[in-house]
Amino acid sequence: LDEQVNSALETTSIQSFDDAIAAIIDPLITYFRAHPDCAELWFAGRNPAVIELVRTFDDAKSKLLWRKLLDQGLLRKDTPGY
């Protein structure tokens, strides 16, 4: 999942916030549809180890997206972030 989201962010032409959201959400939807048990674990029934894994993943992807939006000029340079 990590590789799929990273790849989408690196290869997708992001010209708008809609493009950015799709680059993040589309791989997640595809993955969770193919692995419904993982979706349940990801969003419910968590234990401390899974909670940490999800937070680490979310933090890394939000940093990557923030950087991509800055690079594309969709965020101002003074936009708070990472």
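So, here's what we can say about the structure. (Residues numbered from 1 in each chain as written. Predicted model: local features only at pLDDT ≥ 70, side-chain atom pairs only at ≥ 80, totals over all residues. Heavy atoms only, no water.)

1. Here's the deal with the overall build of the protein chain
If you tally the helices and strands in the protein chain, you get 4 helices and 0 strands. Moving toward the C terminus, one meets the helices and strands of the protein chain in the order α-α-α-α. With the C-alpha coordinates of the protein chain rotated into their principal frame, the extents come out at 40 × 25 × 15 Å. Looking at the protein chain as a whole, 29% of its 82 residues are labelled buried. Across the protein chain, every contact between residues at least 6 apart in sequence was considered, and the portion connecting residues at least 24 apart equals 51%. Element-wise, carbon and sulfur atoms account for 56% of the exposed surface of the protein chain, whose accessible area totals about 5600 Å². Considering the protein chain, the positive charge centre built from 9 side chains and the negative charge centre built from 13 side chains are found 6 Å apart. (Helix = DSSP H or I, 4+ residues; strand = E, 2+ residues; numbered from the N terminus. Buried < 20%, exposed > 50% of the residue type's maximum accessible area, 1.4 Å probe, protein only. Contact = heavy atoms within 4.5 Å. Areas by Shrake-Rupley, 256 points an atom, 1.4 Å probe, with all protein chains shown as cover. Lys, Arg positive; Asp, Glu negative; His and termini not counted. Charge placed at Lys NZ, Arg CZ, Asp CG, Glu CD.)

2. Some remarks on a nonpolar patch on the surface
On the surface, Phe 17, Ile 21, Ile 25 and Ile 29 cluster together into a nonpolar patch covering about 340 Å² of accessible area. If you trace the backbone, Ile 21 turns up in helix H2 (residues 17–34). For Ile 21, a relative accessible area of 49% puts it in the partly exposed group. (Patch = residues over 30% accessible without salt bridge, like charges linked within 9 Å, V, L, I, M, F, W, Y side chains within 5 Å. Salt bridge = Lys/Arg side-chain N within 4 Å of Asp/Glu carboxyl O.)

3. A look at the environment of Asp 58
Residue placement: Asp 58 occurs in helix H4 (residues 48–71). The class of Asp 58 is partly exposed, set by a relative accessible area of 40%. For the pair Asp 58 and Asp 2, spaced 56 residues apart in sequence, the C-alpha separation works out to 10.0 Å.

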